[in-house]
Amino acid sequence: MIYGDVLVIGIQLELGMVCDTIKCGMFNFVFDGKLFPGQGMGIEFYPTILDLQHSLQFGLKKRMPDIGMLPLEQIDFLDEPPGVIHLSSGMAEDFGFCCCLGFDGNEDRFFYSMDYGKTYQEKRYPQGTIERLINSLPKIEDIDFCSQDVVKDFVGQLSATGFKQTSDWDYSSSNDHQSPLVLSEQWMNDKVKQLENVPPHCQRLFEASRRLPKAILHRYTQDAEGHIHRFSPTHTGDYYWSGSTNHCSNPLKLPLDVKASLHKEFGWSIK
């Protein structure tokens, strides 16, 4: 389903699978007749949608000044310039897509990158377009499959899930949960394998994880070898291991602004 106006700008959400409490599928911005990032069938919806909504509200509450007609090439997106809201696009950032929002009078200036924040392009829309689009996205529990005919059962909880953010950092698991999987068997198996391929010392990594001041959802930690691990939440309040920069088959690629923030706040040098 596409939310917003497909002829102006929209967001595509197509549920592809549910593993344990994690809903995954296609997430794309839609404009100029194209999909951005336009790849990835297993983008996790909950952290992606909430990242967008919370980062937008966080920026709006700061009462950002208009960036005006400042030329795109003069904007340093890594330096968090006044008037620019960094819109965290959650798991879409794993595929290089980053976006920001600024204002010029009665217009939205929507900045987007497809190379992890190295370069940006710009689109302009009537003021309030981006805010209305992001706020139109559904709650995670309201996202369902387009057709129940393609649903298949997947039994069991993934080892990547079950980390709870509590005062004593409890770890709990359950093996009696049933969730559906859809799409091709090969794609399903690859996604489950990715989520199952967690480090053996994952609990200790989670206990050492921290959140960036501007990050709403994700937690990050650095292991002894200097690799970064990310933990993301589900709508139940649990956290799950959602990748590392040294993952054997699908290494986590961090946007430049996230790398800069991890270095600034924690002193981490990213490999």
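Not measured: the values here are computed from a predicted model.

Student: Help me understand the environment of K34 in this model?
Tutor: Mapping K34 onto the fold places it in strand β4 (residues 34–36). The exposure class of K34 is exposed, given its relative accessible area of 53%. Remark: the alpha-carbon pair of K34 and V6, spanning 28 residues in sequence, is separated by 9.9 Å.

Student: Please explain the packing of aromatic side chains as it appears in this structure.
Tutor: To describe a pair of aromatic rings, you give the distance between the ring centres and the angle between the ring planes. The tally for this structure, following the rule as stated, stands at 13 aromatic pairs. With a centroid separation of 6.1 Å and an interplanar angle of 85°, the aromatic rings of F27 and F29 are classed as edge-to-face. Classification of F27 as buried rests on a relative accessible area of 0%. On the basis of relative accessibility, which here comes to 0%, the residue F29 falls in the buried class. Centroid distance F110 to Y112: 6.3 Å. Interplanar angle 20°. Geometry classified as stacked. Residues F110 and Y112 agree in their burial class; the two are buried.

Student: Help me understand the sheet that holds strand β9 (residues 121–126) in this model?
Tutor: In a beta sheet, neighbouring strands are held together by backbone hydrogen bonds and run either parallel or antiparallel to one another. With antiparallel pairing, four strands are arranged side by side in an open sheet as β6-β7-β8-β9. Edge strands, defined here as strands with exactly one partner in the open sheet, are β6 (85–87) and β9. Going from strand to strand, the sheet's axes swing by 25° on average, the running direction of each strand aside. Two strands pair when backbone bridges link them, and strand β7 (residues 98–104) and strand β8 (residues 107–113) are joined in this way by seven bridges, in the antiparallel orientation. Residue pairing in the sheet places C100 in a bridge with F111 of β8.

Student: Just checking my understanding: could you explain the nonpolar core for this structure?
Tutor: One recurring pattern in soluble globular proteins is that nonpolar side chains are buried together. Among the nonpolar cores identified, the biggest contains 41 residues, and F27, F29, L52, L87 and F110 are the most heavily contacted of them. Elements represented by at least two residues in this core include exactly β2 (9–19), β3 (22–31), α1 (45–61), β6, β7, β8 and α2 (129–135). In terms of residues, this core owes the most to one element, β2, which gives seven residues. Aside from chain neighbours lying at most four places away, what touches F27 is I11, Q12, L13, F36, P37, I43, F45, T48, L52 and A92. Ranked by size, the runner-up nonpolar core spans nine residues in total, among them L252, V258, F266 and W268.

Student: Help me understand the side chain of S55, please; the structure alone is not making it clear to me.
Tutor: In this fold, S55 is placed in helix α1. Owing to a relative accessible area of 7%, S55 belongs among the buried residues under this scheme. Polar contacts involving the side chain of S55 include one to the main-chain carbonyl oxygen of D51, which spans 2.6 Å. At 3.0 Å, the side chain of S55 forms a polar contact with the backbone nitrogen of S88.

Student: I would appreciate a short explanation of the pairing of β7 in the present structure.
Tutor: Two faces make up the sheet, and in a regular strand the side chains alternate between them. The buried fraction of β7 amounts to seven of the seven residues, a majority that puts the element mostly inside the structure. Of the two faces of β7, the one carrying C98, C100, G102 and D104 and the one carrying C99, L101 and F103 are both buried. Inspection of the sheet shows β6 paired to β7 by three bridges, in the antiparallel sense. If you follow I85 over to β7, its bridge partner there is L101.

Student: Can you walk me through α1 in this structure?
Tutor: For the α-helix, the turn length of 3.6 residues means that residues three or four positions removed from each other point alike. Counted at 1.5 Å a residue, the expected span for α1 with its 17 residues is 24 Å, and the 24 Å between its end C-alpha atoms agrees. Turning to α1, its buried residues are F45, Y46, P47, T48, I49, L50, D51, L52, Q53, S55, L56 and G59. A positive backbone phi angle near 50° is found at R63, which sits one or two residues after α1.

Student: What am I meant to see in the confidence of the model for the protein here?
Tutor: Interpreting fine coordinate detail is not advised for predicted regions of low pLDDT. Scored by pLDDT, the protein comes out at a mean of 81, with 79% of its residues at no less than 70. Here residues 148–185 is modelled with pLDDT under 50, and outside its nearest four sequence neighbours on either side it reaches 93 contacts, counting other chains as well.

Student: Any chance you could explain a nonpolar patch on the surface here in plain terms?
Tutor: On the surface, a cluster of nonpolar side chains totalling about 370 Å² of accessible area is made up of I2, V6, L7 and V8. Relative to the elements of secondary structure, I2 occurs in strand β1 (residues 2–5). Given a relative accessible area of 37%, I2 falls into the partly exposed group.

Reading the values: rules and limits
Residues numbered from 1 in each chain as written. Predicted model: local features only at pLDDT ≥ 70, side-chain atom pairs only at ≥ 80, totals over all residues. Heavy atoms only, no water. Helix = DSSP H or I, 4+ residues; strand = E, 2+ residues; numbered from the N terminus. Buried < 20%, exposed > 50% of the residue type's maximum accessible area, 1.4 Å probe, protein only. Phe/Tyr/Trp six-rings, centres within 6.5 Å; stacked < 30°, edge-to-face > 60°. Pairing = 2+ DSSP bridges. Axes fitted to C-alpha atoms, helices over the stretch in contact; angles between N-to-C directions. Core = buried A, V, L, I, M, F, W, Y, C linked by side-chain atoms within 4.5 Å. Contact = heavy atoms within 4.5 Å. Polar contact = N/O pair within 3.5 Å; in protein donor to acceptor, adjacent residues only side chain to side chain. Expected span 1.5 Å × (residues − 1). pLDDT = per-residue confidence, 0-100. Patch = residues over 30% accessible without salt bridge, like charges linked within 9 Å, V, L, I, M, F, W, Y side chains within 5 Å. Areas by Shrake-Rupley, 256 points an atom, 1.4 Å probe, with all protein chains shown as cover. Salt bridge = Lys/Arg side-chain N within 4 Å of Asp/Glu carboxyl O.

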